[in-house]
Amino acid sequence: NAAKAPAPRVAVVLFLLKDKSVLLGRRRSSVGDSTFALPGGHLEFGESFEECAARELREETGLEINKTEFLTVTNNVFREEPKPCHYVTVFLRANLADPEQLPQNLEPEKCYGWDWYDWDHLPNPLFLPLEKMVKSGFNPFPDH
Ligand code: 8DG
Ligand code: MG
Ligand code: MG
């Protein structure tokens, strides 16, 4: 029944880079529960990828960014999750507008907390889309 078939959705997620670290939060969600993931969320009608990344990061952590750049896009089908879903996930990177600004856990019902993790010592388990990228050798830093 086509009317009931769920459609793929667009997600925008952000590698927020600070020195050799990235910002990750442990998810509280029906998708990838308790895994470490990037900040991000659903693209809203009319938004650019950059606007979406900045908005989601602000909503989730209070942080402000600059120098936002497109990195890549991946196709992610979550068949085995309690609520099966399909995301076309757009990955951007950015830097903190103010390197002194600290992340706040502004959506504690969706995240156990945010922290910086050294790229060479990422936590486990990573959210599957991120895990796949890391295993493939992907590196989000401009000068690696
Ligand atoms: P919103 O209501 O604020 O728009 O959405 P959200 O509650 O912030 O959604 P989300 O789960 O954080 O992100 C939407 C989807 O993006 C998520 O269900 C699957 C996909 N996604 C990936 N990789 C990542 C990632 O590393 N982090 C996040 N947050 N989402 C990701 O494919
Ligand atoms: Mg969100
Ligand atoms: Mg989110």
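Reading guide: rules and limits
- Residues numbered from 1 in each chain as written.
- Chains lettered and ligands numbered in written order.
- Predicted model: local features only at pLDDT ≥ 70, side-chain atom pairs only at ≥ 80, totals over all residues.
- Heavy atoms only, no water.
- Donors = N, O, S within 2.8 Å, 3.2 Å for Na, K, Ca; no water.
- Helix = DSSP H or I, 4+ residues; strand = E, 2+ residues; numbered from the N terminus.
- Buried < 20%, exposed > 50% of the residue type's maximum accessible area, 1.4 Å probe, protein only.
- Near = heavy atom within 4 Å.
- Polar contact = N/O pair within 3.5 Å; in protein donor to acceptor, adjacent residues only side chain to side chain.
- Areas by Shrake-Rupley, 256 points an atom, 1.4 Å probe, with all protein chains shown as cover.
- Nonpolar A, V, L, I, M, F, W, Y, C, P; charged D, E, K, R; others polar.
- Expected span 1.5 Å × (residues − 1).
- Contact = heavy atoms within 4.5 Å.
- Core = buried A, V, L, I, M, F, W, Y, C linked by side-chain atoms within 4.5 Å.

A. Spotlight on the coordination of the magnesium ion (ligand 2). Only Glu-56 (OE) and Glu-60 (OE) from the protein reach the magnesium ion (ligand 2) as donors, at distances of 2.0 to 2.4 Å. A separation of 3.4 Å is found between the magnesium ion (ligand 2) and the magnesium ion (ligand 3), which share Glu-60 as a coordinating residue. Highlighted residues: Glu-56 and Glu-60, both in helix α1 (residues 49-61), separated by four residues, approximately one helical turn. Considered together, Glu-56 and Glu-60 belong to a single accessibility category, that of buried residues.

B. Broad picture of the site of ligand 1. Inspection of the region around ligand 1 gives 16 residues, with Arg-27, Leu-38, Glu-60, Thr-89 and Lys-110 positioned closest. A distance of 2.8 Å is found between an oxygen atom of ligand 1 and a side-chain nitrogen or oxygen belonging to Glu-60. Relative to its unbound accessible surface of 610 Å², ligand 1 loses 86% to contact with the protein. Breaking the shell around ligand 1 down by element, the ones donating at least two residues are β1 (9-18), β4 (40-42), α1 and β6 (85-96). Of all the elements, β4 adds the most residues to the shell around ligand 1, at three residues. The residue makeup of the shell around ligand 1, split by class, is seven nonpolar, five polar and four charged.

C. Summary view of α1. With 13 residues, α1 should cover 18 Å at 1.5 Å per step; its first-to-last C-alpha distance of 18 Å lies within 8% of that length. Turning to α1, its buried residues number three or more, namely Cys-52, Ala-53, Ala-54, Arg-55, Glu-56, Leu-57, Glu-60 and Thr-61. Each element contacted by the buried residues of α1 is listed here: β1, β2 (21-27), β4, β5 (65-78), β6 and β7 (111-118). At the C-terminal side of α1, Gly-62 shows a positive phi close to 80°.

D. Looking closely at the nonpolar core. Membership of the largest hydrophobic core comes to 17 residues, with the highest contact counts inside it found for Leu-14, Leu-16, Leu-23, Leu-57 and Ile-65. Put simply, the parts of the chain that give this core at least two residues each are β1, α1, β6 and β7. Those residues in contact with Leu-16 that sit more than four places away from it in its chain are Ser-21, Val-22, Leu-23, Leu-57, Leu-63, Ile-65, Ala-94, Asn-95, Leu-96 and Trp-116. Core analysis: the next-biggest nonpolar cluster, separate from the first, contains 14 residues, Val-22, Leu-24, Phe-91 and Leu-130 among them.

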